[in-house]
Amino acid sequence: MMNQIARLRFWFHKSCSKLSIFLMEHLPHCQENIDVDTSEFEDADCSEELKEFSQMAAKEYEEHINSEPVLDPQTTILFTSGHHRRRCNFLTARRYRTYIRSSYLWAREQGITTFITDYTTPFGLLAMETLLELRSTGADFALYAISSRYFAKRKSFRLIPETDIEVTWNISKCDYRFQCLYSIDTLRRVYSNVGVRCTENGIYQKR
């Protein structure tokens, strides 16, 4: 119950922040203040700091990309929502959590050791949380996170969606996060190297 209240507060404050920004951008007197602040920022000499920050960010991103794991279709499974009538939501989450656990056991019997979850889809998010629970009990497997849509556009299985911090915290527990939003080729490469796909509607193996 406390989690639900905390999530409601989060989304309420986030909506208020968005409304405040919208009003600031469209009200005449607020626009004048923004123009003044922008002018002061442009006059400020912070080129060296920005250059240093840009170089640091580029270096970290390059290191992250270079450490991208190599996927073997024979030992890799992807959990994501499908495009059909069956949906993962707050009413069906309990049943799908059991289904994900049984799919995990089936996958291990097939020799699958790498699990990828699309946390921006309801079923993929539930799979990530369920697989993290299994790892916390001693299960040994590689767990990667991937996003097929922008973080702000992600879908949840909960009636009251989890906060951004909750999702980010779970992502940090994964072994790697594929940066697909900066390169559509990355998303295509990952999907093409997945031998098995698990959705609400069943398990599909690539032939």
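Note that the structure is a prediction, hence the values are computed from the model and not measured.

What counts, and at which threshold
- For every chain, the first residue of its written sequence is number 1, and the numbers climb from 1 along that sequence.
- The predicted nature of this model means local features are confined to residues of pLDDT at least 70 and side-chain atom pairs, given and counted, to a pLDDT of 80 or more, with totals for whole chains, interfaces and linings taken over all residues.
- Processing note: side-chain calculations cover all non-hydrogen atoms of the structure and skip hydrogens and water entirely.
- In summary, the pairing rule links any two rings of Phe, Tyr or Trp, Trp by its six-membered ring, whose centres are within 6.5 Å, and it sorts them by plane angle into stacked for under 30 degrees, edge-to-face for over 60 and tilted for everything else.
- Under the scheme used here, helices are H or I runs from DSSP no shorter than 4 residues and strands are E runs no shorter than 2 residues, and both carry numbers assigned from the N terminus.
- Per-residue accessibility, obtained with a 1.4 Å probe over protein chains only, is compared with the maximum for each type, and a residue is labelled buried under 20%, exposed over 50%, and partly exposed between these values.
- For a ring to carry a charge above it, either NZ of a lysine or CZ of an arginine must fall within 6 Å of the ring centroid while also lying within 35 degrees of the normal to the ring plane.
- Orientation is described by axes fitted as lines to C-alpha atoms, over the contacting stretch for helices, and by angles from 0 to 180 degrees between their N-to-C directions.
- Small angles under 35 degrees read as roughly parallel and large ones over 145 as roughly antiparallel, with 65 to 115 read as roughly perpendicular and the rest as oblique.
- The handedness criterion is simple: a crossing whose near helix is rotated anticlockwise from the far helix by less than a right angle is left-handed, and one whose near helix is rotated clockwise is right-handed.
- The criterion used for residue contact is that any of the two residues' heavy atoms lie within 4.5 Å.
- Three classes are used, and their members are as follows: Ala, Val, Leu, Ile, Met, Phe, Trp, Tyr, Cys and Pro are nonpolar, Asp, Glu, Lys and Arg are charged, and the others, Gly among them, are polar.
- The definition of a polar contact used here is a pair of N or O atoms within 3.5 Å, where within protein one atom must be able to donate a hydrogen and the other to accept one, and adjacent residues in sequence count solely through side-chain atom pairs.
- Two strands are counted as paired when DSSP detects at least two bridges linking them.
- With its strands directed away from the observer, a crossover is right-handed exactly when the path from the first strand over the helix to the second travels clockwise.
- Salt bridges are counted wherever a side-chain nitrogen of Lys or Arg sits within 4 Å of a carboxyl oxygen of Asp or Glu.

*Asks:* Just to check I follow, could you spell out the packing of aromatic side chains for this structure?
*Replies:* Geometry of an aromatic ring pair is reported as the spacing of the ring centres plus the angle between the planes. Counted by the stated rule, this structure contains 12 aromatic pairs. Consider the rings of F79 and F123, whose centres lie 6.3 Å apart with planes at 35°: the pair is tilted. With F79 in strand 1 (residues 76-79) and F123 in helix 5 (residues 122-136), this residue pair connects regions lying 44 residues apart in the sequence. For the pair shown, F79 and F123 are each scored as buried. Ring geometry for Y96 versus F123: centroids 5.7 Å apart, planes at 80°, classification edge-to-face. Placement of Y96 in helix 4 (residues 93-109) and of F123 in helix 5 is noted, with a sequence separation of 27 residues between them. Since its relative accessible area comes to 3%, Y96 is described here as buried. When its relative accessible area of 0% is taken as the criterion, F123 is described as buried. The ring of Y96 has R95 sitting right over it, with the charged end atom 4.8 Å from the ring centre.

*Asks:* Could you clarify how one ought to interpret the packing of helix 4 against helix 5 in this entry?
*Replies:* Describing two packed helices takes the angle between their axes plus the distance from one axis to the other. At a minimum axis distance of 10 Å, the contact between helix 4 and helix 5 shows a crossing angle of 60°. Comparing their axes, helix 5 and helix 4 come out oblique. Of the two elements, helix 4 crosses helix 5, and the hand of that crossing is right-handed. Here helix 4 contributes A93, Y96, R97, Y99, I100, R101 and Y104 to the contact with helix 5, which in turn contributes F123, L126, A127, T130, L131, E133 and L134. Here the contact of helix 4 with helix 5 is composed, by residue class, of 10 nonpolar, one polar and three charged.

*Asks:* Sorry if this is basic, but what is going on with the environment of S136 here?
*Replies:* Here S136 shows up in helix 5. In this structure S136 comes out as exposed when scored by relative accessible area, which is 62%. At a separation of 2.5 Å, a polar atom in the side chain of S136 contacts the main-chain carbonyl oxygen of E133.

*Asks:* Looking at this model, I keep getting lost on the sheet that holds strand 1. Mind explaining?
*Replies:* Sheets are built from strands paired through backbone hydrogen bonds, the pairs being either parallel or antiparallel. Sheet architecture is open: six strands sit in the order 4-3-2-1-5-6, paired in mixed fashion. A strand with exactly one partner marks an edge of an open sheet, and here the two such strands are strand 4 (176-177) and strand 6 (202-205). Pairing analysis gives four bridges linking strand 5 (residues 196-199) to strand 6, with the strands arranged antiparallel. Bridged to R197 within strand 6 is Y204.

*Asks:* Explain the pairing of strand 3 (residues 142-146) here, please?
*Replies:* Remember that side chains alternate between the two faces of the sheet whenever the strand is regular. Within strand 3, five of the five residues are buried, which leaves it mostly tucked inside the rest of the structure. Of the two faces of strand 3, the one carrying A142, Y144 and I146 and the one carrying L143 and A145 are both buried. Relative to strand 3, strand 2 (residues 114-118) runs parallel, the two being bridged by five bridges. Along strand 3, the bridge assignment pairs T117 with A145. Judged from the two bridges that link them, strand 3 and strand 4 form a sheet pairing that is parallel. By the bridge assignment, A145 is partnered in strand 4 with R177. Between the parallel elements strand 3 and strand 4, the chain passes through helix 6 (residues 164-172) in a crossover that is right-handed.

*Asks:* Quick question: what am I supposed to make of the side chain of T163 here?
*Replies:* Note that T163 resides in the loop between strand 3 and helix 6. With residues near it in sequence (within four places) discarded, T163 still touches R7, F10 and R154.

*Asks:* So what exactly am I meant to see when it comes to the side chain of T117 here?
*Replies:* Locating T117 in the fold gives a position in strand 2. A residue is classified by how much of its surface remains accessible, and T117, at 0% relative accessible area, is buried. Residues within four places of T117 in sequence aside, it is in contact with F79, G124, A127, M128, L131, L143, Y144, A145 and I146.

*Asks:* Explain the pattern of salt bridges to me, please; I cannot follow it from the model alone.
*Replies:* For side chains bearing opposite charge, pairing can occur when the charged atoms are close. Tallied over the entire structure, the rule returns eight salt bridges. Between E68 and R189 there is a salt bridge, with its nearest N and O atoms 2.8 Å apart. In this pair, E68 sits in the loop between helix 3 (47-66) and strand 1 while R189 sits in helix 7 (residues 184-192), placing the two residues 121 residues apart along the sequence. Among the residues examined, E68 registers a relative accessible area of 19% and is labelled buried. Among the salt bridges present, the one from E162 reaches R154, with a minimum N-O distance of 2.9 Å. Each member of the pair, E162 as well as R154, carries the same accessibility label: buried.

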